[in-house]
Amino acid sequence: MQYGVFIPNATNGYIISTGSPQYRPSFAHNLAITQEAEKQGLDFVLSMMKHHGIPGSSDFWGACLESFTLMAALAAHTERLQLFPSVTTLATHPVLAARMVATIDEISQGRCGLNIVTGWNKPEYESMGLWPGDDYFDKRYTYAAEYVQVLRTLWSEGNADFRGEHFTLTDCDVRPKPLHEVPIVCAGQSPKGQRFTAEHGDRNFIMAERSQVASIASGVKQFGREAGRDVGTFALYCVIAEETDAEAERLCQHILDHADTEAISLMLGGAALDTNQDGTSAQLLASLARPADEGNMAFLSLPVVKGSYESVARQFDEIAATTGVDGALLTWPDFVDGVTKFGERVKPLLTTAAQPAA
């Protein structure tokens, strides 16, 4: 099992509540989190990208640091961690994305990957005049497949002519090329998303209640085998690890009691527009009434792994043993403190943690 950090480069990270630490995104905060993750022997960090926040008392995602710029800066201040910026395919031309990844790969000496965000949140893209029409809900993975084809062609060749349905390149030059083969990840939740990641990506990030993780991981691996590829699955979790189960439960309940219901309602309204069955938006819609450990909407539907340090370690070992996932992408209510506790108090108890890269 590998463990990574979903760094909070947008307002208040991944908790839609005023009951958790409130903070605006800053480079200093994300740098402290990332350097602590490296110090504690974690494996990677991933930054998100949002172009519009959600109104409400928590100002959820009201501000967001641009993902590529942030990861380039973090690359210059780290030595080992793998770095995954996120690209929103509707807002960023693949030639520009290819060049930015190659630049970060140069800065980091071969540690840059890329998270592909196909874009289901219609209001976010309408705010920029970039929503191509509601038929995009059904064709977004076809669009993303061509997007990835352009990326991989430019990364491997450095120069390319390309004629596709969505992109046309003529003597297009992107050099220097990346120093290594760039790993691509995507949050492929639905069957369409799983197949896309299996055919075009290397890792699939999922947010699903614990009872569904194993079946999604198995489905992705099966799609990968059909495509002749070995594709990993990384599940998303929020971690609340404290000295006792009771203290962790208290902190979790406080967050639930102060959920930003206005922001949650607006986000669910946007999710309801997506017609893609069983995808990320469907996960959000189903999560409002779930218990925290199965993914309540106050935690953005990420299941919460909570309890004493010993209990959290046992839960992650059980997840590793029973779900077939290759790793976990983690969030915390308080990131710097959470990463430190995970590294110093939880990670030594794990039987499934990967050894840090040499």
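Residues numbered from 1 in each chain as written. Predicted model: local features only at pLDDT ≥ 70, side-chain atom pairs only at ≥ 80, totals over all residues. Heavy atoms only, no water.

Caption draft 1: Spatial organisation of the pairing of strand S11 (residues 304-308). Of all the five residues making up S11, five are buried; the element is thus mostly covered by neighbouring parts of the structure. Two elements, strand S10 (residues 232-242) and S11, share five bridges in a ladder whose sense is parallel. Across the sheet, residue Ile240 finds its bridge partner in S11, namely Lys306. (Buried < 20%, exposed > 50% of the residue type's maximum accessible area, 1.4 Å probe, protein only. Helix = DSSP H or I, 4+ residues; strand = E, 2+ residues; numbered from the N terminus. Pairing = 2+ DSSP bridges.)

Caption draft 2: Quick peek at the nonpolar core. In terms of nonpolar packing, the biggest core is built from 105 residues, with Val5, Ile116 and Phe316 touching the most fellow members. The biggest single contributor to this core is helix H5 (residues 136-157), with 12 residues. When residues no more than four places from it in sequence are discounted, the contact partners of Phe316 are Tyr3, Tyr237, Val239, Val305, Ala328, Leu330, Phe342, Leu350 and Thr352. (Core = buried A, V, L, I, M, F, W, Y, C linked by side-chain atoms within 4.5 Å. Contact = heavy atoms within 4.5 Å.)

Caption draft 3: Focus on the environment of Ala72. By the secondary structure assignment, Ala72 is in helix H2 (residues 67-75). A C-alpha to C-alpha distance of 8.9 Å links Ala72 and Leu83, two positions 11 residues apart in sequence. If near-sequence neighbours (up to four positions away) are discounted, Ala72 is found in contact with Ile104 and Ile107.

Caption draft 4: Spatial organisation of the state of the cysteines. Scanning all chains against the criterion turns up zero disulfides. Here Cys186 is not disulfide-linked; the sulfur of Cys112 is the nearest cysteine sulfur, at 16 Å. A disulfide-free cysteine, Cys252 has its sulfur positioned 7.8 Å from the sulfur of Cys238, the nearest such atom. On the accessibility criterion, Cys252 (1% relative accessible area) is buried. (Disulfide = S-S within 2.5 Å.)

Caption draft 5: Broad picture of the pattern of salt bridges. Throughout the structure, instances matching the rule amount to 16 salt bridges. Glu126 serves as the salt-bridge partner of Lys122, at 4.0 Å between the closest nitrogen and oxygen. In this pair, Lys122 and Glu126 both sit in helix H4 (residues 122-126), four residues apart, roughly one turn of the helix. Salt bridges here are not isolated pairs; linked through shared partners, they connect Lys122, Glu126 and Asp134. (Salt bridge = Lys/Arg side-chain N within 4 Å of Asp/Glu carboxyl O.)

Caption draft 6: How the structure looks around the environment of Trp120. Mapped onto the fold, Trp120 is located in the loop between strand S5 (114-117) and H4. Sequence spacing of Trp120 and Arg345 is 225 residues, and the spatial spacing of their C-alpha atoms is 38 Å.

Caption draft 7: View of helix H6 (residues 191-200). Listed in full, the buried residues belonging to H6 are Gly193, Gln194, Phe196, Thr197 and Ala198. The secondary structure elements touched by the buried residues of H6 are S5, H5, strand S8 (184-186), strand S9 (203-206) and helix H7 (210-226).

Caption draft 8: Quick peek at unusual backbone geometry. Backbone torsion omega between Arg175 and Pro176 reads 10 degrees, so that peptide bond is classified as cis. With respect to the element layout, Pro176 can be found in the loop between strand S7 (168-173) and S8. We note that Gln109 has phi near 60 degrees; this positive angle belongs to a residue other than glycine. Tracing the backbone shows Gln109 in the loop between helix H3 (94-108) and S5. Given a relative accessible area of 58%, Gln109 falls into the exposed group.

Caption draft 9: Spatial organisation of the packing of aromatic side chains. In total, this model carries 18 aromatic pairs according to the counting rule given. Ring centres of Phe44 and Phe234 lie 5.4 Å apart, and the angle between their planes is 65 degrees; this geometry places the pair in the edge-to-face category. Of this pair, Phe44 sits in strand S2 (residues 44-47) while Phe234 sits in strand S10; the two residues are 190 residues apart in sequence, bridging distant segments of the chain. Look at Phe44 and you get buried, because its relative accessible area is 0%. For the ring pair Phe60 and Trp61, a centre distance of 4.4 Å and an interplane angle of 25 degrees mean the geometry is stacked. Like Phe60, the residue Trp61 is buried in the burial classification. Taken together, Tyr3, Tyr237, Phe316, Trp332, Phe335 and Phe342 form an aromatic cluster joined through their ring pairs. (Phe/Tyr/Trp six-rings, centres within 6.5 Å; stacked < 30°, edge-to-face > 60°.)

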